[in-house]
Amino acid sequence: MWGVTRQLLLVEDDSRVRRVLRMALEDEGFHVTEAADGSQCLSAMREHSPDVVLLDVMLPDRDGFSVCREIRKDSDVPVIMVTARTDSHDVVAGLEAGADDYVTKPLVSKELAARIRALLRRAEPSLEQHRKRLGFGDLSIGLDDGVVLRGDEELALTRTEFRLLAELAMADGGICSREHLLDRVWGYGYFGDSRIVDVHIRRLRVKVERDPANPRHVVTARGLGYRLVG
Amino acid sequence: MRRREARLRTPSGRRLGLRDRVSIAFGLLALALSALLSLIAWGVVSQYLVGERQSAALAQADLHRSLLATGIVQRKESVALLLNGLPTNGATGATAVVGGRWYATSPRVQPATLPNELIAEAIAGETATQRIRLEGGLYLAVGIPLAQSDDAFFEVFPMDETEETLRTLSWVLSGTAAATTVLGAAFGRVASGISLRPLNELNAAAAAVAGGQLDARLPTGDDPDLTPLALSFNRTVGELQHRVMADARFAVDVGHELRTPLTTMLNSMQVIKNREDRLPPELREPLELLESDLERFRALVVDLLEISRHDAGEQLVLAPAAIGRLVRLAADTAAGRPVTTIDESARHVTLSVDKRRLERAIVNLVNNAETHGGGCTGVTVRMEDHHVAIEVDDKGPGVPAERRALVFDRFARGSGTTSGGVGLGLAIARRHIAAHGGTVRAEECPGGGARFVISLPLARP
């Protein structure tokens, strides 16, 4: 199924959970590197350059949010946050720290593998999309090369932010509901947490819009979803 | 105290309310005071009026007596003629005894009509008055001695006018007393209403607390009579809230502590399952049992966290949502087939909801219909006045009327069923719906089976 074995960095302080998740995720076809705390995580990031990071919020040396922000400084690797609670604070804080998705314990390896694969997927243009590069005003989105330009300036988007923008772009100005975006970008059924979309839209606006407080490209359709306009 | 309680009851045997008792007390007090004042007023006025009448009558009688005496002495006229010649001036009649002989001017005033004591006193040389009844009317009889001993002059004056005045006065005073009584009772009612207002606030706050709104507090204000009550109520509720929250947090903590070992167990099970073909056949059955109970354990921990997180005060995440579509996606996904019908009336209804929780409630009801109700036969969304009704029908045995309120309790089990587990699903559904200001109830489905009805208000309270 996979051309290359994907490198997964597993950051978890409980050694039993770490051991069992490594075994279970290796069964799912990943190559797993373990880290027991934040500093091990950051050094493993430099040594192994993983394809995806599974990051527990509760770490002995520092909290997962700051580790995530540290990772985001020089990497767009997909990060899945393992939160203690699903209440607003942990989830939104994790997403705002730059996480691409979140899961809560008890984690089951099959579900976890599905989440990881969804994040590693590439943007898939629909059949009628012939153009490789879509233009929205001063924004230009390269579906093939993953390069987003605003004027002549190249924008640094994470993988997930790019796929979200590409999904909006492929709707060609039409409204994308949160559920649609959750399904297409994160691979959720219809029970995904729409806060994931909302926080990513906020992050996307900070990078794409000249004035993120008054977005001109990524526009909210109240109660319905979002759309991308030129 | 017991005796008072026994006395202050309504005819139907119910104990009278405080306000009724205060009104009655004020009414009785007003009645007593006004009756006393009326009696005093009546006494003073009647004494005055009667006294006035009496002295007027005496003066007139004395004048007539002197005319008579003068006539007898100077003109030696007949006593009968003299008597008849006296001016009447409102007197009913006069009579006199002169030299042992009685003379009278009017058939109505005869010696026989005069009281004996009056005659005796006058003859004995004393001026006397006495009130008498004559043909039903009240009269004043005056007896005055004449110059000769044993001779006396008597005159009778009507007291109708005085009596009429006094009667009117007594009516007025009685009416005033009655009006004062009613006013007193009304005042008592208003005053007790004002003083009971803090109690009503207390009642409302206590009801809110009982209804689960543990952050309800009384305004403490600066009233020295009420502040201690409000403070002690607030302190009690505060402690109650603290305990409830502590219990809820304990459940949350237990849930969290269970998550880590559960993660180890579930994934170890998965690793074993991945190598199932290498296991000796006799281990397959225990493994299957272990796996299914592990799954129940997982569901229980997830549900426990879901319900206790809410108790521990987690806030709703509200956003507008097209309600019909939300229900269709949740119910159809949970049932694994299309089951939802959206009535035309609910097609364009948008509500501000916590999407995750509402979905969870609907999924739990559909799962309940699937596992305990013989399968979900349909989910209907429709508008009823001011709220959205979501009905989840099944074709199971239904819920007996006496169990309909109980099925939403934590860990309630279906009657007579031993299968299927720990019932937190319906309890969670009820919490989540209640958090939206709505209700959920069990009914009988017209075609047999159970119907669970969620009712969500259009405007949140």
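These numbers were taken from a predicted model, which means no experiment stands behind them.

> A description of the overall build of chain B should follow, citing residues and the corresponding values.
Secondary structure assignment for chain B yields 10 helices and 12 strands. The proportion of buried residues among the 461 residues of chain B is 39%. Counting contacts in chain B only where the partners sit at least 6 residues apart, residues at least 24 apart contribute 60% of the total. Total accessible area on chain B stands at roughly 25,300 Å², and carbon and sulfur atoms take up 58% of it.

> If you had to explain the UniProt feature "transmembrane region" (unreviewed entry) in chain B to someone new, which residues and values would you point to?
In the UniProt entry, the feature "transmembrane region" (unreviewed entry) is given for residues 21-45 of chain B. Counting secondary structure, residues 21-45 of chain B comes out at 100% helix and 0% strand; the distance between its end C-alpha atoms is 36 Å.

> I'd like to hear about the pairing of strand E11 (residues 439-444) of chain B, residue by residue, with values.
Residue and element names in this part refer to chain B. Pairing between E11 and strand E12 (residues 450-457): six bridges, direction antiparallel. Note that in E12 the partner of Glu443 across the bridge is Arg451. Joining the antiparallel neighbours E11 and E12 is a turn of five residues, in which Gly448 adopts a positive phi near 90°.

> Break down the sheet that holds strand E4 (residues 79-83) of chain A for me, with residues and values.
Residue and element names in this part refer to chain A. Taken in spatial order, the five strands make up an open sheet running E2-E1-E3-E4-E5, and their pairing is parallel. Either end of the sheet is taken by a strand with one partner, and the two such strands are strand E2 (30-35) and strand E5 (101-104). Ignoring which end each strand starts from, the neighbouring axes of this sheet average 20° apart. The sheet contact formed by strand E1 (residues 6-11) and strand E3 (residues 52-56) spans four bridges and is parallel. Within E3, the position partnered with Leu8 by the bridge is Val52. Set on the sheet, helix H3 (residues 64-74) makes contact with E3 and E4; between it and E4 the angle comes to about 175°.

> Describe the state of the cysteines, naming the residues involved and giving the relevant values.
Residues and elements named next belong to chain A. One pass over the full model with this rule turns up zero disulfides over all chains. Free of any disulfide, Cys41 has its nearest cysteine sulfur in Cys68, 9.0 Å distant. Relative accessible area serves as the criterion here: at 0%, Cys41 is assigned to the buried category.

> Please give an account of the interface of chain A and chain B that cites residues and values.
Across the boundary between the two partners, chain A contributes 29 residues, which contact 28 residues of chain B. Both sides of the chain A and chain B interface together cover about 2,500 Å² of buried area, and 59% of this is carbon and sulfur. Taken together, chain A and chain B are joined by two salt bridges. The residue A:Asp27 makes a salt bridge to B:Arg275 at a minimum N-O spacing of 2.6 Å. The tally of links between chain A and chain B comes to five residue pairs in polar contact (both at pLDDT 80 or more). Class assignment for the residues of the side of chain A that touches chain B results in 11 nonpolar, eight polar and 10 charged.

> So, the environment of B:Gly398: which residues are in play, and what are the values?
All names here are of chain B. As for its placement among the helices and strands, Gly398 is situated in the loop between strand E10 (387-394) and helix H10 (425-435). With 47 residues separating them in the primary sequence, Gly398 and Cys445 have C-alpha atoms 7.7 Å apart. Ignoring sequence-local partners within four residues, the contact set of Gly398 consists of Gly449 and Ala450.

> A description of a nonpolar patch on the surface should follow, citing residues and the corresponding values.
A contiguous nonpolar surface patch, about 450 Å² in accessible area, is contributed by B:Leu36, B:Leu37, B:Ile40, B:Val44 and B:Val45. By the element assignment, B:Leu36 lies in helix H2 (residues 18-75).

> Which residues make up the packing of helix H6 (residues 227-274) of chain B against helix H7 (residues 284-311) of chain B, and what are the values?
Helices that pack against each other are described as a pair by the angle of their axes relative to one another and the distance between those axes. Residues and elements named next belong to chain B. Where H6 contacts H7, the two axes come as close as 8 Å, and the packing angle between them is 155°. Regarding the angle of H6 to H7, the classification is roughly antiparallel. Helix-helix and strand crossings are classified by hand; for H6 and H7 the assignment is left-handed.

> Could you give an account of unusual backbone geometry, with specific residues and numbers?
Residues and elements named next belong to chain A. In this structure, Pro106 follows Lys105 across a cis peptide bond, with omega equal to 0°. Residue placement: Pro106 occurs in the loop between E5 and helix H5 (109-120). Non-glycine residue Asp172 carries a positive phi angle of around 60°. For Asp172, the position within the fold is in the loop between helix H6 (159-170) and helix H7 (178-186).

> Please set out the packing of aromatic side chains residue by residue, giving values where relevant.
Within a pair of aromatic rings, the relevant descriptors are the distance that separates the centres and the angle that separates the planes. Residue and element names in this part refer to chain B. Per the stated rule, a full pass over the model turns up three aromatic pairs over all chains. Relative to Phe187, the ring of Phe26 lies with its centre 5.5 Å away and its plane at 55°, an arrangement referred to as tilted. In this pair, Phe26 sits in helix H2 while Phe187 sits in helix H5 (residues 160-210), placing the two residues 161 residues apart along the sequence. Ring geometry for Phe408 and Phe452: centres 5.9 Å apart, planes at 85°, overall edge-to-face. On the criterion of sequence distance, the pair formed by Phe408 in the loop between E10 and H10 and Phe452 in strand E12 is long-range, its members being 44 residues apart.

> An account of the pattern of salt bridges is requested, with residue identities and associated values reported.
Residues and elements named next belong to chain B. Evaluated as defined, the whole model comprises 44 salt bridges over all chains. Notably, a salt bridge pairs Arg298 with Glu295, separated by 2.9 Å at the nearest N-O pair. Taken together, the residues span about one helical turn, with Arg298 and Glu295 both in helix H7 at a distance of three residues. Of the residues examined, Arg298 reaches a relative accessible area of 22% and is grouped as partly exposed. Ionic pairing is found between Arg360 and Asp303, a salt bridge with its closest N-O pair at 2.5 Å. Residue Arg360 is found in helix H9 (residues 355-372), and its partner Asp303 is found in helix H7; the two are separated by 57 residues along the sequence. The class of Arg360 is buried, set by a relative accessible area of 19%.

> Report on the sheet that holds E10(B), specifying residues and quantitative values.
All names here are of chain B. In space, the five strands of this open sheet follow the order E7-E9-E10-E12-E11, with mixed pairing throughout. One side of each edge strand has no neighbouring strand; the edge strands of this open sheet are strand E7 (340-342) and E11. The average undirected angle you get between the axes of adjacent strands in this sheet is 20°. Direction of pairing for E7 relative to strand E9 (residues 376-384): parallel, over a ladder of three bridges. The partner of Thr341 across the bridge, within E9, is Thr380.

> Could you give an account of helix H8 (residues 194-208) of chain A, naming the residues involved and the relevant values?
Residues and elements named next belong to chain A. Relative to the 21 Å expected for 15 residues at 1.5 Å per residue, H8 spans 21 Å between its end C-alpha atoms, a close match to the ideal helical length. For H8, the buried fraction is high: 11 of the 15 residues fall into the buried class. Along H8, the residues that are buried comprise Ser194, Arg195, Ile196, Val197, Val199, His200, Ile201, Arg203, Leu204, Arg205 and Val208.

> So what's going on with the confidence of the model for chain B? Residues and values would help.
Residues and elements named next belong to chain B. Averaged over all residues, the pLDDT of chain B is 84; the fraction at 70 or higher stands at 93%. Per-element averaging of pLDDT across chain B places helix H1 (residues 2-7) at the bottom with 48 and E10 at the top with 93. Segment residues 1-6 is flagged for pLDDT under 50; beyond a separation of four residues in sequence, or across chains, it makes one contact in the model. Scored by ipTM, the complex comes to 0.86, with pTM at 0.64.

> Tell me about the pairing of strand E6 (residues 133-136) of chain A, residues and numbers included.
Residues and elements named next belong to chain A. Residues Leu134 and Phe136 point to one face of E6 and are all buried, whereas Arg133 and Gly135, pointing to the other face, are not buried. Of the strand pairs in this sheet, E6 and strand E7 (residues 139-142) are connected by four bridges, and their pairing is antiparallel. By the bridge assignment for E7, Leu134 is matched with Ile141. Here E6 hands over to E7 after two residues, with Gly137 in that stretch at a positive phi of 60°.

Cut-offs applied
- Residues numbered from 1 in each chain as written.
- Chains lettered and ligands numbered in written order.
- Predicted model: local features only at pLDDT ≥ 70, side-chain atom pairs only at ≥ 80, totals over all residues.
- Heavy atoms only, no water.
- Helix = DSSP H or I, 4+ residues; strand = E, 2+ residues; numbered from the N terminus.
- Buried < 20%, exposed > 50% of the residue type's maximum accessible area, 1.4 Å probe, protein only.
- Contact = heavy atoms within 4.5 Å.
- Areas by Shrake-Rupley, 256 points an atom, 1.4 Å probe, with all protein chains shown as cover.
- UniProt positions renumbered as here; feature names shortened; annotations may be inferred.
- Pairing = 2+ DSSP bridges.
- Axes fitted to C-alpha atoms, helices over the stretch in contact; angles between N-to-C directions.
- Disulfide = S-S within 2.5 Å.
- Buried area = accessible area lost by both parts, 1.4 Å probe.
- Salt bridge = Lys/Arg side-chain N within 4 Å of Asp/Glu carboxyl O.
- Polar contact = N/O pair within 3.5 Å; in protein donor to acceptor, adjacent residues only side chain to side chain.
- Nonpolar A, V, L, I, M, F, W, Y, C, P; charged D, E, K, R; others polar.
- Patch = residues over 30% accessible without salt bridge, like charges linked within 9 Å, V, L, I, M, F, W, Y side chains within 5 Å.
- Parallel < 35°, antiparallel > 145°, perpendicular 65-115°, else oblique.
- Left-handed = near helix turned anticlockwise from the far one by under 90°.
- Phe/Tyr/Trp six-rings, centres within 6.5 Å; stacked < 30°, edge-to-face > 60°.
- Expected span 1.5 Å × (residues − 1).
- pLDDT = per-residue confidence, 0-100.

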